[in-house]
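Observations on the three-dimensional arrangement
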Amino acid sequence: RYFNSINADSNLSSVSMIETWMNDSKDHVDCVLVLGGRRISCHKVILVSRCEVLKRRLLLEPGAGPLEILISDVRYKTMKKIIEFIY
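An account of the accompanying structure is given in this report. (Residues numbered from 1 in each chain as written. Predicted model: local features only at pLDDT ≥ 70, side-chain atom pairs only at ≥ 80, totals over all residues. Heavy atoms only, no water.)

A short note on the overall build of the protein chain
Assigned secondary structure in the protein chain consists of four helices and three strands. Ordered by position from N to C terminus, the α and β elements of the protein chain give α-β-β-α-α-β-α. With 87 residues in all, the protein chain has 34% of them scored as buried. For the protein chain, the accessible surface area stands at approximately 6,100 Å², while carbon and sulfur atoms represent 53% of it. (Helix = DSSP H or I, 4+ residues; strand = E, 2+ residues; numbered from the N terminus. Buried < 20%, exposed > 50% of the residue type's maximum accessible area, 1.4 Å probe, protein only. Areas by Shrake-Rupley, 256 points an atom, 1.4 Å probe, with all protein chains shown as cover.)

What follows is the structure, given as structure tokens:
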């Protein structure tokens, strides 16, 4: 619904559209990346389909409920940019 409502002349960047969609679709989040106490809410299906590293990590930690993955070797800002790219 967010992408359909934005016309070609809009000043919104694709990153801001993605952030809006990610923030407004928390009901469907099934994965949370935890980096230094900060959290990035995600969707497993998107991560698995677009990132081999996260796909392997998610396959090691299957679960029925929302999954939290602790990531200690990547800075929050860096992972936020990666997730924006993936989405």
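As for the nonpolar core
Ranked by size, the top nonpolar core spans 18 residues in total, and within it Leu33, Ile40, Cys42, Leu47, Ile83 and Ile86 carry the most contacts. Within the residue set of this core, elements represented by two or more residues are strand 1 (31-35), strand 2 (38-42), helix 2 (44-50), helix 3 (52-60), strand 3 (67-70) and helix 4 (76-86). Counting residues per element, this core draws most heavily on helix 4, which supplies four residues. (Core = buried A, V, L, I, M, F, W, Y, C linked by side-chain atoms within 4.5 Å.)

Side note on the sheet that holds strand 1
Strand order in the open sheet made by the three strands is 2-1-3, with mixed pairing throughout. Pairing within the sheet leaves two strands with one partner each, and these edge strands are strand 2 and strand 3. Averaged over neighbouring strand pairs, the angle between their axes works out to 25° when direction is ignored. (Pairing = 2+ DSSP bridges. Axes fitted to C-alpha atoms, helices over the stretch in contact; angles between N-to-C directions.)

A closer look at the environment of His28
Here His28 is to be found in the loop between helix 1 (14-24) and strand 1. Taking relative accessible area as the criterion, His28 reaches 60% and is therefore assigned exposed. As for His28 and Ser41, which are separated by 13 residues in sequence, their C-alpha atoms are 9.7 Å apart.

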